[in-house]
Amino acid sequence: MRSCTLDKKVIYVDIDNTICTQVTDSKYENAKPWFENIEKINKLYNDNYIKYWTARCSTSGNDYYELTKKQLDKWGAKYHELSAGEKPFYDLLICDRTKRIEEI
């Protein structure tokens, strides 16, 4: 993938509790969008490669890809790629390249 986007930075964006409410009962259809945060990511779309990356499916084994895609499209989220279930489940990510949505 990187070879196709050498002229653009690749930005991975989490979904739950970043651009929408976090659901605790795995009923992702109940997630509510935060349009202000979606707009922040949309502004990055033209100059970057946006990949929404979610842990949905990671621990349950259920396939939430289509539901997640429909939500992103309905909410007007601009993106180049969606990955559901490939993101590892973790409680804390420590990385020199990470930013919180509030920092964008």
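Everything below is about the structure printed above this text.
Residues numbered from 1 in each chain as written. Predicted model: local features only at pLDDT ≥ 70, side-chain atom pairs only at ≥ 80, totals over all residues. Heavy atoms only, no water.

Quick notes on unusual backbone geometry
Selection criterion: Helix numbers and strand numbers start at the N terminus; a helix is a DSSP run of H or I with at least 4 residues, a strand a run of E with at least 2.
One non-glycine residue, N17, lies in the positive phi region at around 70°. Mapped onto the fold, N17 is located in the loop between β1 (9-13) and α1 (35-42).

Overview of α1
This is how it is decided: Each residue is placed in one exposure class: buried if its accessible area under a 1.4 Å probe, protein chains only, is under 20% of its type's maximum, exposed if it is over 50%, and partly exposed if it falls in between. Note that the arc is defined by the directions from the helix axis to the C-beta atoms. In this description, contact between two residues means that some pair of their heavy atoms is separated by no more than 4.5 Å.
Buried residues of α1: N37, I38, I41 and N42, and no others. Buried residues along α1 cover an arc of 145° about the axis, so they all sit on one side. Looking at the buried positions of α1, the neighbouring elements they touch are β1 and β2 (48-54).

Structural notes on the packing of aromatic side chains
Here is the rule: By convention, a stacked pair of Phe, Tyr or Trp rings (six-membered ring in the case of Trp) has centres within 6.5 Å and planes under 30 degrees apart, an edge-to-face pair has planes over 60 apart, and any other such pair is tilted.
Counting across every chain of the model gives three aromatic pairs. A centroid spacing of 5.1 Å and a plane angle of 80° characterise the contact between Y12 and W53, whose relative ring orientation is edge-to-face. Placement of Y12 in strand β1 and of W53 in strand β2 is noted, with a sequence separation of 41 residues between them. With a relative accessible area of 40%, Y12 lands in the partly exposed category. Ring centres of Y28 and Y64 lie 4.8 Å apart, and the angle between their planes is 75°; on these two criteria the pair is classed as edge-to-face. Here Y28, found in the loop between β1 and α1, pairs with Y64, found in the loop between β2 and α2 (65-74); they are 36 residues apart in sequence, far enough to count as distant. The same class applies to Y28 and to Y64, which are both buried.

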